[in-house]
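# Structural overview for review
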Amino acid sequence: MHIRALTLRDFRSWEHAEIELSTGPTVFLGANGNGKTNLLEALGYLSTLGSHRVSTDAPLVRAGAEHARIGANVVHLGRELRIDVELNRGAANRAQINRSPVRRPREILGILHTVLFAPEDLALVRGDPGERRRFLDELCTARRPGLAGVRADYDRVLRQRSALLKTAGRSARADLGTLDVWDGHLAAHASVLLAERLRLVHELHPHLARAYAALAPESRPAAIGYRSGALPAELLDPGRSPEPGDPALLEEILLRELATARAKELERGVCLVGPHRDELELMLGETPAKGFASHGESWSFALALRLAAFELLRADGAEPVLLLDDVFAELDRRRRTALATVAAAAEQVLITAAVPEDVPAELIGATLRVTTTGDPEHRISGFATERPVAGGDPPAAVAGDSPG
């Protein structure tokens, strides 16, 4: 899988850009703040419908604009598809496949697979559980795009059930029969999501262990596990193989746990049972990585998670595009070498860096220099030249209102 072309309009600092990309490595060079990370962020958005830097879409629309547009031509197994997303201030986002509108933006999920490694990935190890749940759910959805609808339904039911709990907890005349109905909906959606998370942990675990051992052979062995207060230990064992009947079994367990927690939930006005309360455990030997791993071990674990995701998607038959956002400057020689070895073998890898020296020699390919014009509060990103040459046939780039 590779991206043949990327188009941006009013996305972050990019007023307009049309970039033709080739397979192999492409490096976007530029000083910090010039907008090179925004290019990878845009591609990550097309892959996941989310940003790795912010939790809402509003910052993605360029200041002064009402809409932002991202489009890409994606080639997989000889077939090319065009996907486009329009991000709208104060209105629903819209999407197209081959220039034809789709009912929901999530219908484009699964067309473009990317794995992005960025400095923000330290939050996977050091951040709160929500960061790790998001990692699981985005990877689950990349492998099974239909799960996006399940996640949306679960979030909707969770919001409505939580609102009902708050109301019912304050009213002596609350109709708890309505809560029973929402319990059923919550358990039905949660069981599917949980089954996919458990399957992913089972399949990701060996890839993670190998990747971490290669990155930090002197360290303790790395492992992942799934923690849920609602499920018995035997279901949480990463060595357990998933079974077809797991969703039905999980739904039964969740309904029972919801009934048990009912009084406490009414008292507190919050939903205490479900995948929104769960955690992806990261372990180094017998010790949790969070709070105990050194800086180097944390970097290694974060990188190992991304490399494991890359290998798992590759094993599924759709090699993802590898996006490396200014990471080589943060890594020591061993980690740089390990990452460069994987990246050099990828069908397509897009890299951002401040200076050429930050990029390993085996990844120096076509190079585009990103610059900005305008004052610091209203920067417009562009390219220094329309056809830069660095190590082979370069991609073409056109940026409106850009220098050169």
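The structure we're discussing is the one just above.
This is a predicted model, so every value here is computed, not measured. (Residues numbered from 1 in each chain as written. Predicted model: local features only at pLDDT ≥ 70, side-chain atom pairs only at ≥ 80, totals over all residues. Heavy atoms only, no water.)

### Re the sheet that holds strand β8 (residues 114-117)
Strand order in this open sheet of six strands is β8-β12-β13-β3-β14-β15, and the pairing throughout is mixed. Here the strands that pair on one side only, and so sit at the sheet edges, are β8 and β15 (380-383). Adjacent strand axes in the sheet meet at a mean angle of 20°, parallel and antiparallel pairs treated alike. In this structure, β8 lies alongside strand β12 (residues 321-325), joined through four bridges in parallel fashion. (Pairing = 2+ DSSP bridges. Helix = DSSP H or I, 4+ residues; strand = E, 2+ residues; numbered from the N terminus. Axes fitted to C-alpha atoms, helices over the stretch in contact; angles between N-to-C directions.)

### A look at the pattern of salt bridges
Evaluation of the coordinates by the stated rule reveals 29 salt bridges. A salt bridge links Arg82 to Asp84, with the shortest nitrogen-to-oxygen separation between them at 2.9 Å. Assessed through its relative accessible area of 13%, Asp84 is described here as buried. In the salt-bridge network here, residues are joined through shared partners; they are Arg161, Asp180, Asp183, Arg262 and Glu265. (Salt bridge = Lys/Arg side-chain N within 4 Å of Asp/Glu carboxyl O. Buried < 20%, exposed > 50% of the residue type's maximum accessible area, 1.4 Å probe, protein only.)

### Examining the packing of aromatic side chains
What the rule picks out here adds up to three aromatic pairs. Between Trp14 and Phe383, the ring centres sit 5.1 Å apart and the planes meet at 40°, which makes this aromatic pair tilted. With Trp14 in strand β2 (residues 14-20) and Phe383 in strand β15, this pair connects stretches of sequence that are 369 residues apart. An angle of 45° between the planes, with centres 5.6 Å apart, marks the rings of Tyr212 and Phe301 as tilted. Here Phe301 lies in helix α8 (residues 295-315) and Tyr212 lies in helix α5 (residues 176-215), a separation of 89 residues in the sequence. Judged by its relative accessible area of 0%, Phe301 falls in the buried class. (Phe/Tyr/Trp six-rings, centres within 6.5 Å; stacked < 30°, edge-to-face > 60°.)

### Remarks on the side chain of Asp137
Relative to the helices and strands, Asp137 resides in helix α3 (residues 129-143). The class of Asp137 is buried, set by a relative accessible area of 9%.

### Points about the packing of α3 against α8
Contact geometry of α3 with α8 gives a least axis separation of 11 Å together with a crossing angle of 15°. By the angle class used here, α3 and α8 are roughly parallel. Regarding α3 and α8, the two cross each other, and that crossing is right-handed. Here Phe135, Leu139, Ala142 and Arg143 of α3 lie close against α8, whose contacting residues are Leu305, Arg306, Ala309, Leu312 and Leu313. (Parallel < 35°, antiparallel > 145°, perpendicular 65-115°, else oblique. Left-handed = near helix turned anticlockwise from the far one by under 90°. Contact = heavy atoms within 4.5 Å.)

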